[in-house]
Amino acid sequence: MSALSSVSSLLPFSYGANRLTSKASLASRTSGFNLSSRWNSTRNAPRLYLSRAVTNYSGTTEISENETAPRTYTWPDNKRPRVCILGGGFGGLYTALRLESLVWPDDKKPQVVLVDQSERFVFKPMLYELLSGEVDVWEIAPRFSDLLTNTGIQFLRDRVKTLLPCDHLGVNGSESSVTGGTVLLESGFKIEYDWLVLALGAESKLDVVPGAMELAFPFYTLEDAIRVNEKLSKLERKNFKDGSAIKVAVVGCGYAGVELAATISERLQDRGIVQSINVSKDILTSAPNGNREAAMKVLTSRKVQLLLGYLVQSIKRASDSEEDEGYLLELQPAERGLESQIIEADIVLWTVGAKPLLTKLEPSGPNVLPLNARGQAETDETLRVKGHPRIFALGDSSSLRDPNGKLLPTTAQVAFQEADFTGWNIWAAINNRPLLPFRFQNLGEMMTLGRYDAAISPSFIEGLTLEGPIGHAARKLAYLIRLPTDEHRFKVGISWFAKSAVDSIALLQSNLTKVLSGS
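One structure accompanies this document, and this report is about it. (Residues numbered from 1 in each chain as written. Predicted model: local features only at pLDDT ≥ 70, side-chain atom pairs only at ≥ 80, totals over all residues. Heavy atoms only, no water.)

1. Regarding empty space enclosed by the protein
So, point 1. The final tally for this structure, using the stated rule, is four cavities of 30 Å³ or more.
So, point 2. Estimated volume of the largest cavity: approximately 70 Å³.
So, point 3. As for the largest cavity, its lining consists of 13 residues, and the residues nearest its centre are Gly395, Ser398, Leu408, Pro409 and Glu418.
So, point 4. The residue makeup of the lining of the largest cavity, split by class, is six nonpolar, six polar and one charged. (1 Å grid on protein atoms, 1.4 Å probe; cavity = no way out; pocket = protein on both sides within 12 Å on 5 of 7 lines; lining within 4 Å. Points joined across faces, edges and corners; volume = space filled by probe spheres on them. Nonpolar A, V, L, I, M, F, W, Y, C, P; charged D, E, K, R; others polar.)

2. Thoughts on the side chain of Lys476
So, point 1. Locating Lys476 in the fold gives a position in helix α12 (residues 468-481).
So, point 2. Lys476 gets classed as buried once you look at its relative accessible area, which sits at 12%.
So, point 3. Once residues lying within four places of it in the same chain are set aside, the contact partners of Lys476 are Met126, Glu134 and Trp496. (Helix = DSSP H or I, 4+ residues; strand = E, 2+ residues; numbered from the N terminus. Buried < 20%, exposed > 50% of the residue type's maximum accessible area, 1.4 Å probe, protein only. Contact = heavy atoms within 4.5 Å.)

3. Overview of the pairing of strand β10 (residues 246-251)
So, point 1. Burial within β10 is extensive, with five of its six residues counted as buried.
So, point 2. Bridge count between β10 and strand β11 (residues 272-278): six bridges; the pairing is parallel. Bridge assignment links Ala249 to a residue of β11, and that residue is Gln275.
So, point 3. Since β10 and β11 lie parallel, the crossover through helix α9 (residues 255-268) that links them has a hand, and here it is right-handed.
So, point 4. Of the pairings in the sheet, the one linking β10 to strand β16 (residues 347-350) comprises four bridges and is parallel in character. Bridge pairing links Ala249 to Val348 in β16. (Pairing = 2+ DSSP bridges. Right-handed = clockwise from strand over helix to strand, strands pointing away.)

4. Quick notes on the sheet that holds strand β1 (residues 82-86)
So, point 1. Strand order across the open sheet formed by six strands is β3-β2-β1-β7-β19-β18, with mixed pairing between neighbours. Each having just a single partner strand, β3 (154-157) and β18 (384-385) make up the two edges of the open sheet.
So, point 2. Sheet topology places strand β2 (residues 111-116) next to β3; four bridges connect them, and they run parallel. The residue of β3 that forms the bridge with Asp116 is Arg157.
So, point 3. Strands β1, β2 and β7 (195-198) of the sheet are contacted by helix α3 (residues 90-101), whose axis makes an angle of about 155 degrees with β1. (Axes fitted to C-alpha atoms, helices over the stretch in contact; angles between N-to-C directions.)

5. Side note on unusual backbone geometry
So, point 1. You will see that Leu284, though not glycine, has its phi angle at about 50 degrees, which is positive.
So, point 2. Mapped onto the fold, Leu284 is located in the loop between β11 and α10 (289-301).
So, point 3. Unlike most non-glycine residues, Lys303 shows phi in positive territory, near 60 degrees.
So, point 4. Here Lys303 lies in the loop between α10 and β12 (305-308).

6. Re the sheet that holds strand β6 (residues 190-193)
So, point 1. With respect to topology, three strands assemble into an open sheet ordered β4-β5-β6, the strand pairing being antiparallel. If you trace the sheet from one side to the other, it starts and ends with β4 (160-165) and β6, each paired once. Sheet twist, expressed as the mean angle between neighbouring strand axes with direction ignored, is 15 degrees.
So, point 2. Relative to strand β5 (residues 181-185), β4 runs antiparallel, the two sharing five bridges. In the sheet register, Val160 faces β5, and the bridge partner there is Leu185.

Have a look at this one:
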């Protein structure tokens, strides 16, 4: 999540068709963004939602819960190529952007439909700023309906159920079908495609420790960030009245865990106790030294307690009463010389592990996709799924390896770059041109450490790390450049500039007040 983004030329695209939604979805859209009413249904089934969307060029039709959705998606043009993109995250959305920006012959410009279970694109590296109050939801999680304007790209809100590819290679290596296959959606809808892009993303892996699924709060999606913020606000109202400190346990000290611990410790200050648990004896084990040192400095200054070399054995309620919101974490040593211990927490935040959503799909017969042990599709160097020349996979859905045979990390930076190559290679395949092998260019790594603090280690200047306010400003600028469309970048840029101006004036007034009172 916390990696420098590649800067490429992307043209804005738009929502070129009306969506059909259930009344529940319409209600949520007209009331802004309120997730509290959806929490009960998504807690145990985080991918469940109520609304469905069917796009077309002719108009809008609402589907009530008692009606049956149309069975087949109708493409506007029977002659032009059909591209179906599953997943509207970094990989899926930016692949659509790339396809839209390329120059096509009139008869070969593809029709593109983008399928996602959410109505919003989420810029995940900036979810932490929701907890600090730095950003608003619309800035880092714009609706697809706002992003997709004035182009032929269609948006369909639904969940994928099954893939039925028919492009698998025969024994002699030739293509067995001239079409790609069919996607079945959970609404009963089906989409026939010529080219398919798998960018379904992943979800938190909570089923590895007893109690984690029921009691821990993941921090992976927009809904997760909203729930954590609501929980913290509830604890603040409750605990601050009686003066008791809020106890926060963060499981994991990778980038997500460290950024979360730094953000929450700054928010709570001396009214909270933040404990970070990690199986390794160090934090940020794969990060550049400069980022690790900057993070250690910040965590130490904010009195974050690091419990390193421990495994979480279980998470339990502190009492049998469900009204008591306290939890007990049983920690087992992963290193010699440490003893088992039990810690208390008012909230447990889980940042360890993720599983690709490809594993959620139902089996589709003998032509199933080749998946690795993690549940990612095996791809060749052009990002095509092995044995399926009309299917591309990227991001969390792909198991692409670097020249040394090591799996590429599932970061935003990798997904950004893979999207550019995927879009180009689809263009090349449609136009009978050679496909390009993907080569990841590591631009560096960056992380937030609080409202005015961050660390950036660019790869092109060895040993350089930008920290503090300078690193914070550089990080926000880099992410502003990588927002999806020119229009959205402009709106967010104006908003961030206005907020910075207000903060600067408030800081100046505060300093003047201190000076005058001192004199």
